[in-house]
Amino acid sequence: MALSVGRSVHPEISTAYARLEEKILERDQKGASDIFYDLVRAQVPLAELVGQIVRIHAPYTHVPYHQRLDDGVPRFVNNDHCLLSSRASLDLMPLMPPELAYLPFAQTLWYLPTGLDPWNQLLGKMPGHYVRLYELKFEGKPPLPEVHWPDQAPLPIEGTWPERLNTWLTLVQRGEVINAYRVFLGLWEEAVDDPARRTPLLAQLVFAGLIDVQDRVLHNRSYTTGHKSYRARATVELARAVGWKNAHPMLYAGVPDIAVGPRWYSTYEMGCLVVQNLLDNKDRELLENDEALTPVESLALQQAILSGQEPAYIDLVVGLLKSGKGHRQIIDTIQLASAQLIIETGDPNAYSMPQHSYEYCNTVRWFFDTFAHPHRLKLLFVAAAFVTRAAHHQKHTPDNNPVKIAPPKGSDALTSSELLKRLDSALDGLRAFEAMDWVAAYLRDGADRAPLLQTLAVGAAKAGNDPHNQELGICLLDDYGHSTAEERDRLLYASAKHTAGHRKYGSHLDAWQRFSKAFGLV
């Protein structure tokens, strides 16, 4: 989605951005939100606003490494939800009613002060999201967040364009963070005005994230969970939104982290060897497949994945490809299995693997639709592996069970509008299983799907204090609009289930209530 950047910043707006930066660095959620409301009232261009938001947090959302060994025990830290929240907000906006158009970005602004320098949060040196997560104590005025990877100057390198793309990817694999970032900036200088180079460069950026997925999840706390691919996608989508020539803050926020460790490539290697040994290296020819899966084939693949056992899904995906089934249709089926894991999750704290495996599948589908990367077929095996491991994890942790979804008793006497009001109440009230039942009631009546999608989107936008709420809400709704699967309604159930069921921090309606009051909606 291209956004207008048609007017320059007026002096008073520039002052407002400076005050916004000050409030964010002071960790003042209320103060930052109030300034954001003023900017919305001033009707600043959305592209300009997005660019400023990312510019402010970009230096402070990197970490030196995603893992620590403290007294011999691994601890994990993520750091990209400020960026991911902006991307999710951009995609949620078109689904909002006009009066709530900026609510998703209000959630981003509310989260931003809590998301800075998660590395030092993990060490208990400053407040924020990870202090909540690890129940650390903090008193006194917080220090300024630390810049772990300073911005860099471009570094030109020699070679053909494909050779230089591979040089950059090699630097990423080696963990040479600064050199990889500088080389990328050098490539960007050449590609920014040349779509023939820009598109392959951005595809390689996202590909580098998609191949980096951990090998196991049960009894693990330190993961990549596909986050580098989500970060890379956000970099691409936000850069497009603000305009390629204005994209440097997006690149700074997103590109350096792709090389930060730990890095895991063995699952992708499995995909490569399957294509080599079982598909005769015909992945490029197989990308031409476009047949749909039969209901029996779809069910078989889902059951193989949900059993949590390898290599059943590998053999089935190989067989499907050999029989002419399309890679796009296969990823849509893998998404159904991943959505089922969300539906069957019981404990609010148990959504991590289902939600991350689903976001990975969503990112793979987006990658298929956006880029013609030569190795994209191999990602089917990575996605299926990720969901299979998530299923294994859920099977061996308590309170995750099959769920019966049915319209509530008496719901057939309600109008479609009344059904959506009940759904909205269940989402706000965190009644996850009830929310799915109200979705079932609405779908039973065969009413227009658009109001249901809007209700689910608004529900996701209202639930704050963790951008996972917005990310998964929009991922599931996005895929619903693109899926080729006959059972795609399952994505709507999973959207309601995640919004109402996923772990919440503090009062999850704080930002929504402040936004409503600021704009006279209550």
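Our structure's up above, just so we're on the same page.
The rules we used
Think of each chain on its own: its residues are numbered from 1, step by step along the sequence as written. Whole-chain, interface and lining totals are the exception, using all residues; otherwise, since this is a predicted model, local features are given only for residues with pLDDT of at least 70 and side-chain atom pairs are given and counted only at 80 or more. Side-chain numbers here rest on the full set of heavy atoms in the structure, without hydrogens or water. Buried, partly exposed and exposed residues are distinguished by accessible area as a fraction of the type maximum, computed with a 1.4 Å probe on protein chains only: under 20%, between the cut-offs, and over 50%, respectively. Under the DSSP-based scheme used, a helix requires at least four consecutive residues in state H or I and a strand at least two consecutive residues in state E, with every element numbered from the N terminus. Arc definition: directions from the helix axis to the C-beta atoms. DSSP bridges decide pairing: two strands pair if at least two such bridges lie between them. Stacked, edge-to-face and tilted labels apply to pairs of Phe, Tyr and Trp rings (six-membered ring for Trp) whose centres lie within 6.5 Å, assigned for plane angles under 30 degrees, over 60, and everything in between, in that order. The rule for a charge over a ring is simple: NZ of Lys or CZ of Arg within 6 Å of the ring centre, and within 35 degrees of the ring normal. Working definition: a disulfide is two cysteine sulfur atoms within 2.5 Å of each other.

1. Things to note about helix α25 (residues 510-518)
Restricting attention to buried positions, one finds in α25 the residues A511, W512, F515 and S516. The arc that holds every buried residue of α25, seen down its axis, measures 135°, which confines them to one face.

2. Re the pairing of strand β2 (residues 73-76)
Side chains on a regular strand alternate between the two faces of the sheet. As defined by bridge partners, strand β1 (residues 67-70) adjoins β2 across 4 bridges and the pair is classed as antiparallel. Within the sheet, the bridge partner assigned to Q67 lies in β2 and is F76. Linking two consecutive strands that pair antiparallel, namely β1 and β2, is a turn of 2 residues; a positive phi of about 55° is found at D71 within it.

3. Some remarks on the packing of aromatic side chains
In this description, a pair of aromatic rings is defined by centroid distance and the angle of the planes. Going through the model one piece at a time under the given rule, you end up with 11 aromatic pairs. Ring centres of W366 and F371 lie 5.8 Å apart, and the angle between their planes is 85°; on these two criteria the pair is classed as edge-to-face. Overall, W366 belongs to the buried group, its relative accessible area being 7%. Here the basic side chain of R41 rests over the ring of F519, its NZ or CZ set 5.0 Å away from the ring centre. Residue placement shows R488 over the ring face of Y480; its charged tip is 4.1 Å from the ring centre.

4. A closer look at the state of the cysteines
Counting across every chain of the model gives 0 disulfides. C475 provides the cysteine sulfur closest to C361, a residue in no disulfide bond, and the two sulfurs are 10 Å apart. The exposure class of C475 is buried, given its relative accessible area of 1%.

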